Amino acid sequence: MKKLLASLLVAVMTMSMLTACGSSDVAETTETTEATEVEATETETTEAEVAETEDAEATEAETTETEAAVSEALADGVLTVGTNAEFPPFEYVNDNGEPDGFDIALIKAIGEKLGVEVEVENMEFASLISSIGSKIDVAIAGMTVTDERKESVDFSDSYYDAVQYVVLPADSEIATAADLENKAIGVQLGTTGDFIASDIAGATVSQYNKAVDAVNDLINGRVECVIIDKNPALVFEGKFEGQVVAVDGAQFGFEPEQYAIAMPKGDAALVEQVNAALAEIKADGTFDELVKTYIEAE
Ligand code: GLN
């Protein structure tokens, strides 16, 4: 037994060393590529490094097939989670100055199932994806699954259906997709609302780091509408009652969206464990409780 344990330990240590080398190579690679995009020789080295990294990852995958898969992100017992606490009811700063909301409660419940501590880092929405794997392990931020984001991160199973809404001054005449053309539109930077607005013919798009700043500019008349996700739109409609209205984006032809947790690309063990925890939380009623507490209580 002892012998077996010892060799398991060595195997695990070797794996984490391999993984650690692998990821630092990737980090350097990215930097080198960005810094020297035009220098062909450097790029060649970079490609070689990438190949090495892939070899290391392949070895790791083989090893883990026979043993329990170990996620690098969970190995230290702490799951560092990035969010942008400007998106009620999914995430906001509570009266104690702490990030709170549906997503925060959900990721804490997931952390509990996985036996890790959850630490939340509040940052700009637009920085979340690039921080995964360095500053943070995962991101939960009412983040919509998109093909473009899937090129940089892996997503958990989706946990919430959403759609973009259009927030309008109470007396606005905007009612159709055509009415949005040539308008001044406020959005939160780097969000799906931002992507939709940028595709509207003749639109002048103002990008804000905080959604509430966009809504304030709507009230001040600096923009004519704000495109933002359904639930925050409804929260703002309540908060600025009589001043703004939130209109379902389906009326403007906006497609349904799904929220999921964003994770480092290629950490299959992490995706598997997070999905298993999410499934348990749905099955045991915790998920519905959180919906009641944070979303339906609005
Ligand atoms: N669901 C939108 C997106 O993923 C907005 C998310 C947010 O602002 N937190 O782009």
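Since we're looking at a predicted model, the values are computed, not measured.

Moving on: the sheet that holds strand β9 (residues 164–169). Pairing is mixed in the open sheet, where five strands are placed in the order β11-β10-β12-β9-β13. At either margin of the open sheet sits one strand with a lone partner, and together these are β11 (204–208) and β13 (244–248). Neighbouring strand axes in the sheet, compared pairwise and without regard to direction, differ in orientation by 30 degrees on average. Both β9 and strand β12 (residues 225–229) contribute to a ladder of four bridges, which runs antiparallel. Bridge pairing in β12 places tyrosine 165 opposite isoleucine 228. With respect to the sheet, helix α7 (residues 211–219) is in contact with β9, β10 (184–188), β11, β12 and β13, its orientation differing from that of β12 by roughly 155 degrees. Where helix α8 (residues 230–239) meets the sheet, it contacts β9, β12 and β13, and its direction lies at approximately 125 degrees from that of β12.

What follows concerns the site of the ligand. Around the ligand, the surrounding shell consists of Phe87, Phe125, Ala141, Gly142, Met143, Thr144, Arg149, Gln188, Thr191, Thr192, Asp229 and Tyr259. Here an oxygen atom of the ligand and a backbone polar atom of threonine 192 are 2.8 Å apart. In isolation the ligand has 290 Å² of accessible area, and contact with the protein removes 100% of it.

Attention shifts here to the environment of alanine 297. Turning to its location among the elements, alanine 297 is positioned in the segment after α10 (286–296). On the basis of relative accessible area, alanine 297 is assigned to the exposed category, the value being 56%. Counting along the chain gives 208 residues from alanine 297 to proline 89, while the straight-line C-alpha distance between them is 9.6 Å.

Mapped onto the fold, glutamine 164 is located in strand β9. The exposure class of glutamine 164 is buried, given its relative accessible area of 0%. Among the polar contacts made by the side chain of glutamine 164, one reaches the side chain of threonine 192 at a distance of 3.0 Å.

So, about the packing of aromatic side chains. In total, this model carries twelve aromatic pairs according to the counting rule given. Note on tyrosine 160 and tyrosine 259: the rings are 6.1 Å apart at their centroids and 20 degrees apart in plane angle, and the pair reads as stacked. With tyrosine 160 in strand β8 (residues 160–162) and tyrosine 259 in strand β14 (residues 257–259), the pair connects residues that are 99 residues apart, well separated along the chain. Ring-pair connections join several aromatic residues into one group, and the members of that group are Phe87, Phe90, Phe102, Tyr159, Tyr160, Tyr259 and Phe287.

Our next topic: the pairing of strand β1 (residues 78–83). Extensive coverage of β1 is indicated by the burial of six of its six residues. Both faces of β1 are covered, namely the face carrying Val78, Thr80 and Gly82 and the face carrying Leu79, Val81 and Thr83. As paired strands, β1 and strand β5 (residues 117–122) are joined by six bridges and run parallel to one another. The residue of β5 that forms the bridge with valine 78 is glutamate 117. As defined by bridge partners, β1 adjoins strand β6 (residues 138–139) across two bridges and the pair is classed as parallel. Looking across to β6, one finds that glycine 82 is bridged to alanine 139.

Attention now goes to the packing of helix α3 (residues 102–114) against α10. Helix packing geometry: the angle between the two helix axes and the distance between the axes. Look at α3 against α10: their axes get within 9 Å of each other, and the N-to-C directions meet at 155 degrees. Regarding the angle of α3 to α10, the classification is roughly antiparallel. Crossing angle aside, the handedness with which α3 passes α10 is right-handed. Here Phe102, Ala105, Leu106 and Ala109 of α3 lie close against α10, whose contacting residues are Thr286, Phe287, Leu290, Val291, Tyr294 and Ile295. A breakdown of the residues in the contact of α3 with α10 according to their chemical character gives nine nonpolar, one polar and no charged.

Here we take up the pattern of salt bridges. Summed over the entire model, instances satisfying the criterion amount to seven salt bridges. Across the salt bridge formed by lysine 113 and aspartate 284, the nearest N and O atoms sit 3.0 Å from each other. Of this pair, lysine 113 sits in helix α3 while aspartate 284 sits in the loop between α9 (268–283) and α10, placing them 171 residues apart in sequence. Taking the relative accessible area as the measure of exposure, lysine 113 reaches 36% and is therefore partly exposed. As a salt-bridge pair, aspartate 154 and lysine 265 come within 3.2 Å of each other at their nearest N and O atoms. Of the two residues, aspartate 154 is situated in strand β7 (residues 153–155) and lysine 265 in the loop between β15 (262–264) and α9; the sequence distance between them amounts to 111 residues.

Among the residues of α10, those classed as buried are Phe287, Leu290, Val291, Tyr294 and Ile295. Down the axis, α10 shows its buried residues gathered within 105 degrees of arc, on one side only. Taken together, the buried residues of α10 touch β3 (91–93), β4 (99–100), α3, β8, α8 and α9.

Cut-off values and rules
Residues numbered from 1 in each chain as written. Predicted model: local features only at pLDDT ≥ 70, side-chain atom pairs only at ≥ 80, totals over all residues. Heavy atoms only, no water. Pairing = 2+ DSSP bridges. Helix = DSSP H or I, 4+ residues; strand = E, 2+ residues; numbered from the N terminus. Axes fitted to C-alpha atoms, helices over the stretch in contact; angles between N-to-C directions. Contact = heavy atoms within 4.5 Å. Near = heavy atom within 4 Å. Polar contact = N/O pair within 3.5 Å; in protein donor to acceptor, adjacent residues only side chain to side chain. Areas by Shrake-Rupley, 256 points an atom, 1.4 Å probe, with all protein chains shown as cover. Buried < 20%, exposed > 50% of the residue type's maximum accessible area, 1.4 Å probe, protein only. Phe/Tyr/Trp six-rings, centres within 6.5 Å; stacked < 30°, edge-to-face > 60°. Parallel < 35°, antiparallel > 145°, perpendicular 65-115°, else oblique. Left-handed = near helix turned anticlockwise from the far one by under 90°. Nonpolar A, V, L, I, M, F, W, Y, C, P; charged D, E, K, R; others polar. Salt bridge = Lys/Arg side-chain N within 4 Å of Asp/Glu carboxyl O. Arc of directions from axis to C-beta.

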